[in-house]
There are 2 protein chains.
Amino acid sequence: MKQIKMNSANDNALFVADDVALKQFMGYHLKRATNIVMSDLATTLAPYELRMLTYTALVLIVDNPGIRQFQLAVAMDIERPNLVIIIDELEQRELILREKVPTDRRAYAMHPTLAGKQLYKKATKAVNTHDKKMFKHVSKTDQKFLIATLQKLIDQY
Amino acid sequence: MKQIKMNSANDNALFVADDVALKQFMGYHLKRATNIVMSDLATTLAPYELRMLTYTALVLIVDNPGIRQFQLAVAMDIERPNLVIIIDELEQRELILREKVPTDRRAYAMHPTLAGKQLYKKATKAVNTHDKKMFKHVSKTDQKFLIATLQKLIDQY
DNA sequence: TATTGTTATACTCTATAACTATA
DNA sequence: TATAGTTATAGAGTATAACAATA
């Protein structure tokens, strides 16, 4: 949301769209900030042909080799069916491999390929730069406080 | 995202899905927290047959009677075409009215109906309760700090 | 020429039901 | 019976191009 200028009755004066009712909500500020960050993240990941979800999945597979699809779905807090096409995409691009689990033939263990690990590194460097840019006006101390505050909310659920 | 328990080689031990690479990003925490808040907001608004976007539009029309569609689109930071169906919905439910602007016959000025103002009041009460619940573990002081911090980011863009 | 509102369209994210093959 | 992965499908949010009416 943006505060916008509206022509008012008198010529030179500017009237700003009143969002005072929304500004009382923490969630409003949170959503606005997140929209901005997510939009810039998308731009950041585009050159690597990754979106937030494919990047997140790639990171979690690289850092948790052998992870099963249902575990990844829980970790990413998305439904199993929605994970399928994400994994399909990473597999088709040969960034990860699905391997049959001998002890449970229903399941697949996912592993990164060399290309997957290399893309992870490059993309993560870019995401790091993006994240620093977004929060460049927030001190390290304040960032830690922000994380702690958000974590309190997250831990409730 | 959730930290999840994974069976490890030894029976009783639990292995938590490693999201340390993602946790380094402010955006990760921001997105997780926002997902939780937006999900609860949707549940909160459902009894009023409102979604975040229809509620936001209703609030801005009530608080800015006579606002034009393009102005509302700017305020909500969405594209004009996407606003059309939101306004259609509010108009069909007779919560708002589109009125031709005599001085610019291309434009519509939007006004809330009595029903719109009444629904605004009821829904806002519910959203207030929701917002308080979400941030009940965060002190008022910390909430103000959080808003100020997010505002720094928002003001950049 | 530019702007307001609209239509059409496409992509992404999300959610649920139901299937298959295994356990 | 229950679980892992899949298919099909639908709702919702988002973005762009192009049009009619009007400025």
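Here the structure is shown first, and the text comes after it.
Here the structure is a predicted model, which is why all the values come from computation and not from measurement. Counting restarts for each chain, with residues numbered from 1 along the sequence as it is written. Labels follow written order: the first chain is A, the first ligand is 1, and so on. For this predicted model, a pLDDT threshold of at least 70 governs which residues receive local features, and a threshold of 80 or more governs which side-chain atom pairs are given and counted, while totals over whole chains, interfaces and linings are taken from all residues. Side-chain calculation: all heavy atoms of the structure are included, whereas hydrogens and water are not.

Q: Can you help me understand the protein's contact with DNA strand C in this one?
A: The full set close to DNA strand C counts 19 residues, and R51 and N82 of chain A together with Q69, F70 and R106 of chain B are the nearest of them. In this text, near means that some heavy atom of the residue lies within 4 Å of the molecule or strand in question. Within 4 Å of the protein, atoms of DNA strand C come from sugar and phosphate in 61% of cases. Residue R51 of chain A places a side-chain N or O atom 2.8 Å away from a phosphate oxygen belonging to DNA strand C. A 3.5 Å cut-off defines polar contacts: any pair of N or O atoms within that distance qualifies, except that in protein one atom must be a possible hydrogen donor and the other a possible acceptor, and neighbouring residues in sequence count only when both atoms are side-chain atoms. In the environment of DNA strand C, a phosphate oxygen lies 2.9 Å from a nitrogen or oxygen atom belonging to the backbone of R105 of chain A. Put simply, the parts of the chain that give the surface near DNA strand C at least two residues each are α5 (80-92) and β5 (104-112) of chain A together with α4 (69-76), α5 (80-92) and β5 (104-112) of chain B. Residue polarity is assigned by list, with Asp, Glu, Lys and Arg as charged and Ala, Val, Leu, Ile, Met, Phe, Trp, Tyr, Cys and Pro as nonpolar; anything else, Gly included, falls into the polar class. Split by residue class, the surface near DNA strand C holds eight nonpolar, two polar and nine charged. By the criteria applied, helices consist of DSSP H or I runs no shorter than four residues and strands consist of E runs no shorter than two, each listed in order from the N terminus.

Q: Is there a simple way to think about the protein's contact with DNA strand D in this case?
A: Taken together, 19 residues sit near DNA strand D, with Q69, F70 and R106 of chain A together with N82 and R105 of chain B positioned nearest. Among the atoms of DNA strand D close to the protein, meaning within 4 Å, 63% are from sugar or phosphate groups. Measuring from a phosphate oxygen of DNA strand D, one finds a side-chain N or O atom of Q69 of chain A at 2.6 Å. Separating a phosphate oxygen of DNA strand D from a side-chain N or O atom of R98 of chain A is a distance of 3.3 Å. Listed by contribution, the elements that provide at least two residues to the surface near DNA strand D are α4 (69-76), α5 and β5 of chain A together with α5 and β5 of chain B. Class assignment of the residues belonging to the surface near DNA strand D gives a composition of eight nonpolar, two polar and nine charged.

Q: Explanation requested: the environment of P81 of chain B in the structure shown.
A: Residue and element names in this part refer to chain B. Position of P81 among the secondary structure elements: in helix α5. Relative accessibility under 20% of the residue-type maximum defines a buried residue, over 50% an exposed one, and the middle range a partly exposed one, all with a 1.4 Å probe and only protein chains included. Looking at P81, the relative accessible area reads 60%, which means it is exposed. Each C-alpha atom, one on P81 and one on Q69, is 10.0 Å from the other, the two residues being twelve residues apart in sequence.

Q: I'm lost on the pattern of salt bridges in this one. Help?
A: Pairs can form between side chains of opposite charge whenever their charged atoms are close. In the sections that follow, a salt bridge refers to a side-chain nitrogen of Lys or Arg positioned within 4 Å of a carboxyl oxygen of Asp or Glu. Throughout the structure, instances matching the rule amount to 14 salt bridges over all chains. A salt bridge links K133 of chain B to D40 of chain B; the nearest nitrogen and oxygen atoms lie 3.0 Å apart. Separated by 93 residues along the polypeptide, K133 of chain B in helix α6 (residues 114-134) and D40 of chain B in helix α2 (residues 26-45) bring together distant segments of the chain. Since its relative accessible area comes to 35%, K133 of chain B is described here as partly exposed. For D40 of chain B, a relative accessible area of 14% puts it in the buried group. Overlapping salt bridges bring together D88, E91 and R98 of chain A as one network.

Q: Would you take a moment to explain the sheet that holds β5 of chain A for this structure?
A: Strand pairing in a sheet is mediated by backbone hydrogen bonds. Such pairs are either parallel or antiparallel. Residue and element names in this part refer to chain A. The strand order across the open sheet built from three strands is β3-β5-β4, with neighbouring strands paired in antiparallel fashion. Each edge of the sheet is formed by a strand with only one pairing partner; in this case those strands are β3 (67-68) and β4 (96-101). Think of it this way: DSSP has to see at least two bridges between two strands before they count as a pair. When β4 meets β5, the two strands line up antiparallel, connected through six bridges. By the bridge assignment, E99 is partnered in β5 with A109. Contacts between residues were defined by any pair of non-hydrogen atoms, one from each residue, lying within 4.5 Å. Fitted lines through C-alpha atoms serve as axes, helices being fitted only where they are in contact, and the angles separating the N-to-C directions of these axes extend from 0 to 180 degrees. Running at roughly 115° to β4, α5 makes contact with β4 and β5 of the sheet.

Q: Looking at this structure, I do not really get α4 of chain B. What am I missing?
A: Three or four residues apart is the spacing at which side chains of an α-helix point the same way, because the helix has 3.6 residues per turn. By the criterion of burial, α4 of chain B is predominantly enclosed, with six of the eight residues buried. Positive backbone phi, at 60°, marks D77 of chain B, one or two positions downstream of α4 of chain B.

Q: Is there a simple way to think about the relation of the copies chain A and chain B in this case?
A: Here the second copy of the chain follows from the first by a rotation about an axis and a shift along it. We place the copies in one frame by least squares, fitting the C-alpha atoms of every residue whose pLDDT is at least 70 in both. With an RMSD of 0.1 Å, chain A superimposes on chain B once it is rotated by 180° and translated 0.0 Å along the axis. Both chain copies can therefore be described as sitting about a two-fold axis. Taking C-alpha positions as the reference, the residue of chain A nearest the rotation axis is L146 of chain A, at 3.3 Å. The overlap is high: 100% of the interface residues of chain A also sit at the interface in chain B, so the same surface is used on both sides.

Q: Would you take a moment to explain the side chain of D142 of chain A for this structure?
A: Relative to the elements of secondary structure, D142 of chain A occurs in helix α7 (residues 140-155). In this tally, Asp and Glu contribute negative charge and Lys and Arg positive charge; neither His nor the terminal groups of the chain are included. Within the buried set, D142 of chain A has no salt-bridge partner at all; the shortest N-O distance to an opposite charge, 4.2 Å, is to K152 of chain B. Those residues in contact with D142 of chain A that lie beyond four places of it in its chain are F145 and K152 of chain B.

Q: Looking at this structure, how should I read the packing of α4 of chain B against α5 of chain B?
A: Each pair of packed helices gets described by two things: the angle between the helix axes and the distance between those axes. All names here are of chain B. Where α4 meets α5, the closest approach of the two axes is 9 Å, and the angle between their N-to-C directions is 105°. Here α5 runs roughly perpendicular to α4, going by the angle between their axes. Within the contact between the two elements, α4 uses Q69, F70, L72, A73 and M76 and α5 uses R80, L83, V84 and I87. Oblique is the label for any angle not covered by the other classes, which are roughly parallel (under 35 degrees), roughly antiparallel (over 145) and roughly perpendicular (65 to 115).

Q: Even after reading the chapter, I still don't get the sheet that holds β5 of chain B, so can you show me in this structure?
A: All names here are of chain B. Taking strand neighbours across the sheet as the criterion, the three strands line up as β3-β5-β4 in an open arrangement whose pairing is antiparallel. Only two strands of the sheet have a single neighbouring strand rather than two, namely β3 (67-68) and β4 (96-101). Judged from the two bridges that link them, β3 and β5 form a sheet pairing that is antiparallel. If you follow I67 over to β5, its bridge partner there is M110. Each of β3, β4 and β5 is contacted by helix α3 (residues 52-63), which is oriented at about 100° to β5, the strand it contacts most.

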